[in-house]
Amino acid sequence: MEEQKLKILISKYNSGAATPEERMLIENWYESLNGAELSKSDHELEEIKQDTFSNLQTYIGTFKPNQYPAQNNKVILLTYVKWIAAAVLLSISITFYYYKQHSIVQQNNVIAKNDIAPGGNKAILTLADGSKLVLDDTKNGKLATQGKTIVQKTGSGMLAYLSSALGSNTSEVTYNTVTTPRGGQYNVVLPDGTQVWLNAASSLKFPTTFTGKERSVELIGEAYFEVAKNKAMPFHVSSAGQTIEVLGTHFNVNTYSDETALKTTLFEGSVKITKGTLSAMLKPGQQSTISNNETATAIKVTEVTDIDEIMAWKNGKFHFNDTDIKTVMRQISRWYDVDIEYTGKLPDDDVFTGTFPRSLTAAKALKILEFSGVNFKIEGRKIIVK
């Protein structure tokens, strides 16, 4: 196919102008070419497949050369649909597509049978009396009254704490906890107007009303904060032995216990990080890193080179930048609620760079990762990495 026609078709696909037939052709051939089981009678298809990926690599080299790391690195293709479209249009005719349609349907049925849906808005709210509400099952509207605070689930699936003149007159401070499971995330508006986005396998404990000289919450896992400004009441986040003190700012905290380090990334304002006798101040665009063990001896402060990588989860994406396979799979594990098993020796230079949406099913996400040369198999709620 002529290069100009190829670029036009790719542009149509990415802008949403492609016809349903063109979209179906591209997407079904992607499924069939990436990992299909081929019989001996399909030798011709195997040759076409090899030519396709050879042409694909050549085309990628002229499309966005600055988005790829060094030659030894394993690469996930960025904006992968472009590459899929290029591969299909370079090497496969419409006629051959219809010839293989039956085998494509069979393969898609196998994928669907072993596939796992992506995570979504899922969380459990634990009220002050210990009762629990499964937020993904509850209807929108008022859920409870905690002291003089109304707890409400909004139409957008957000949990909001609203002050009210009604309710109990008790001065006792009560606490609520929002917990997301693996495969869950949730957005909470605290009583002071602070917004918190919780990533999968995380929890946030907070008072139903902020009183006294400070606003303090406790975090397990990962969350992004947009703190309401109040100079008279600094905002404190306690997580994994470290404390973050802010007045009004935007920042991300990642303190998963299975990660090698505690990381706090500042986007706006200023924060002070404290762990034991260690402390450090962050400016916008900086990240603090503390070894995730009890013997941490320093807080390392660095400039963030890839903001998109930090914010990807909140923006509904996976984004990797020279990321090792085990870090990648920890994110996959938390979002799809799966266990990970490794077989064989992992190469030391296996790193990934690329972006794809978290709305993909597990099978489709793994197919993108397979462009790097690593193979995956889904068994129940377990992913085997080979």
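Sequence order as written defines the numbering, with residues in each chain counted from 1. Reporting of local features is limited, given that this is a predicted model, to residues whose pLDDT is at least 70; pairs of side-chain atoms are given and counted only at 80 or more, and all residues count toward the totals for whole chains, interfaces and linings. Note: side-chain values were computed over all heavy atoms of the structure, leaving out hydrogens and water.

Caption draft 1: Summary view of the overall build of the chain. Numbering goes from the N terminus for both helices and strands, where a helix is a DSSP run of H or I of at least four residues and a strand is a run of E of at least two. Assigned secondary structure in the chain consists of nine helices and 24 strands. Here the chain has roughly 19,300 Å² of accessible surface; of this, 50% comes from carbon and sulfur atoms. Every accessible area reported is derived by Shrake-Rupley at a probe size of 1.4 Å, with residue values counting cover from the shown protein chains alone.

Caption draft 2: Inspection of the packing of aromatic side chains at higher detail. Within 6.5 Å between ring centres, the rings of Phe, Tyr and Trp (the latter by its six-membered ring) count as paired, and their orientation is classed by plane angle as stacked under 30 degrees, edge-to-face over 60, tilted in between. Under the criterion given, the structure shown has 10 aromatic pairs. Their ring planes at 50° and their centres at 5.6 Å tell us that W197 and Y224 sit as a pair that is tilted. Taken together, the positions of W197 in strand β9 (residues 195–198) and Y224 in strand β11 (residues 215–226) put the pair 27 residues apart, joining distant regions of the chain. No difference in accessibility class separates W197 from Y224, as the two residues are buried. Relative accessibility thresholds used throughout: buried, under 20% of the residue-type maximum; exposed, over 50%; partly exposed, between the two (1.4 Å probe, protein chains only).

Caption draft 3: Spatial organisation of the nonpolar core. Grouping buried Ala, Val, Leu, Ile, Met, Phe, Trp, Tyr and Cys residues that are joined through side-chain atoms within 4.5 Å yields what is termed a nonpolar core. Membership of the largest hydrophobic core comes to 39 residues, with the highest contact counts inside it found for L159, L190, L204, V217, F225, F235 and F251. The biggest single contributor to this core is β11, with four residues. Contact criterion: two residues are considered in contact whenever any of their non-hydrogen atoms come within 4.5 Å of each other. Not counting the four nearest positions on each side in its chain, L190 is found in contact with Y161, V196, L204, F206, F210, V217 and F235. In terms of nonpolar packing, the next biggest core, distinct from the first, is built from 26 residues, I325, L346, F352 and I383 among them.

Caption draft 4: Geometry of the packing of helix α8 (residues 325–336) against helix α9 (residues 362–369). Here an angle of 0 to 180 degrees is reported between the N-to-C directions of two axes, which are lines fitted to C-alpha atoms, with helices fitted over the stretch in contact. Between α8 and α9, the shortest axis-to-axis distance is 12 Å and the interhelical angle comes to 170°. Of the possible angle classes, the one that applies to α8 and α9 is roughly antiparallel. Here V328, M329, I332 and Y336 of α8 come into contact with α9, specifically with A362, A365, L366 and L369. When residue character is reported, Ala, Val, Leu, Ile, Met, Phe, Trp, Tyr, Cys and Pro are called nonpolar, Asp, Glu, Lys and Arg charged, and the others, Gly included, polar. Within the contact of α8 with α9, the residues separate by chemical class into eight nonpolar, no polar and no charged. Here the angle decides the label: under 35 degrees means roughly parallel, over 145 means roughly antiparallel, 65 to 115 means roughly perpendicular, and every other value means oblique.

Caption draft 5: Quick peek at the pairing of strand β14 (residues 250–255). Counting buried positions over the six residues of β14 gives five, a clear majority of the element. When DSSP locates at least two bridges between a pair of strands, those strands are taken to pair. Examined bridge by bridge, β11 and β14 share six bridges and lie antiparallel to one another. Bridge pairing in β14 places E226 opposite H250. Here five bridges tie β14 to strand β15 (residues 261–268), and the two strands are oriented antiparallel to one another. The partner of N254 across the bridge, within β15, is K263.

Caption draft 6: Representation of the sheet that holds strand β21 (residues 339–342) in the model. Taken together, three strands build an open sheet; the order of strands is β21-β24-β23 and the sheet is mixed. Edge positions in the sheet fall to β21 and β23 (376–379), since each of these pairs with one other strand and no more. Neighbour-to-neighbour, the strand axes of the sheet open up by a mean angle of 25°, direction not taken into account. When β23 meets strand β24 (residues 382–385), the two strands line up antiparallel, connected through four bridges.

Caption draft 7: Highlighting the environment of G120. Structurally, G120 is set in strand β1 (residues 120–121). We classify G120 as buried; its relative accessible area is 19%. Distance in space between the C-alpha atoms of G120 and G316 is 9.9 Å, their sequence separation being 196 residues. Excluding residues within four positions of it along the chain, G120 makes contact with G183, G184, Q185 and W335.

Caption draft 8: Region of interest: the environment of P118. Inspection of the secondary structure assignment puts P118 in the loop between α6 (101–114) and β1. Overall, the relative accessible area of 22% leaves P118 in the partly exposed class. In this structure P118 touches W335, Y336, R358, S359, L360 and T361, once residues within four positions along its chain are discounted.

Caption draft 9: Examining α9 more closely. Of all eight residues in α9, seven are buried, a share of seventy percent or more. Looking only at α9, the buried set comprises A362, A363, A365, L366, K367, I368 and L369.

Caption draft 10: Structural detail: the pattern of salt bridges. Put simply, a salt bridge is a Lys or Arg side-chain nitrogen that is within 4 Å of an Asp or Glu carboxyl oxygen. Following the criterion strictly, the structure yields eight salt bridges and no others. Residue R182 pairs with D337 through a salt bridge whose shortest N-O separation is 3.1 Å. On the criterion of sequence distance, the pair formed by R182 in the loop between β7 (175–180) and β8 (184–189) and D337 in the loop between α8 and β21 is long-range, its members being 155 residues apart. For R182, a relative accessible area of 30% translates into the label partly exposed. You can call D337 partly exposed: its relative accessible area is 28%. D258 is the partner of R334 in a salt bridge, and the nearest nitrogen-oxygen pair spans 3.0 Å. Taken together, the residues span a long stretch of sequence, with R334 in helix α8 and D258 in the loop between β14 and β15 at a distance of 76 residues. The exposure class assigned to R334 is buried, which follows from its relative accessible area of 8%. We classify D258 as partly exposed; its relative accessible area is 42%. When salt bridges that share partners are traced, they join D258, E259, R330 and R334 into one network.

Caption draft 11: Geometry of the confidence of the model for the chain. Summary of the metric used: pLDDT quantifies the predictor's per-residue confidence within the range 0 to 100. On average, residues of the chain carry a pLDDT of 79, and 69% of them reach 70 or more. Taken together, the stretch residues 51–112 has pLDDT below 50 and engages in 116 contacts with residues farther than four places along the chain or on a different chain.

Caption draft 12: Just the pairing of β23, in detail. Of the two faces of β23, only the one carrying F376 and I378 is buried; K377 and E379 on the other face are not. Linkage of β23 to β24, two consecutive antiparallel strands, is achieved through a turn of two residues, within which G380 is found at a positive phi near 65°.

Caption draft 13: Here's a closer look at α8. The span expected for a helix works out to 1.5 Å for each residue beyond the first. Compared with an ideal rise of 1.5 Å per residue, which puts 12 residues at 16 Å, α8 spans 16 Å between its outermost C-alpha atoms and is within 8% of the ideal. Within α8 the residues assigned to the buried category are I325, T327, V328, M329, R330, I332, S333, R334, W335 and Y336. We call two N or O atoms a polar contact when they sit within 3.5 Å, provided that within protein one can donate a hydrogen and the other can accept it, with sequence-adjacent residues counted only if both atoms are side-chain atoms. Between a side-chain oxygen at the N-terminus of α8 and the backbone nitrogen of K326 the separation is 3.2 Å; the capping residue is D324. Just past α8, the residue D337 takes up positive phi, approximately 55°.

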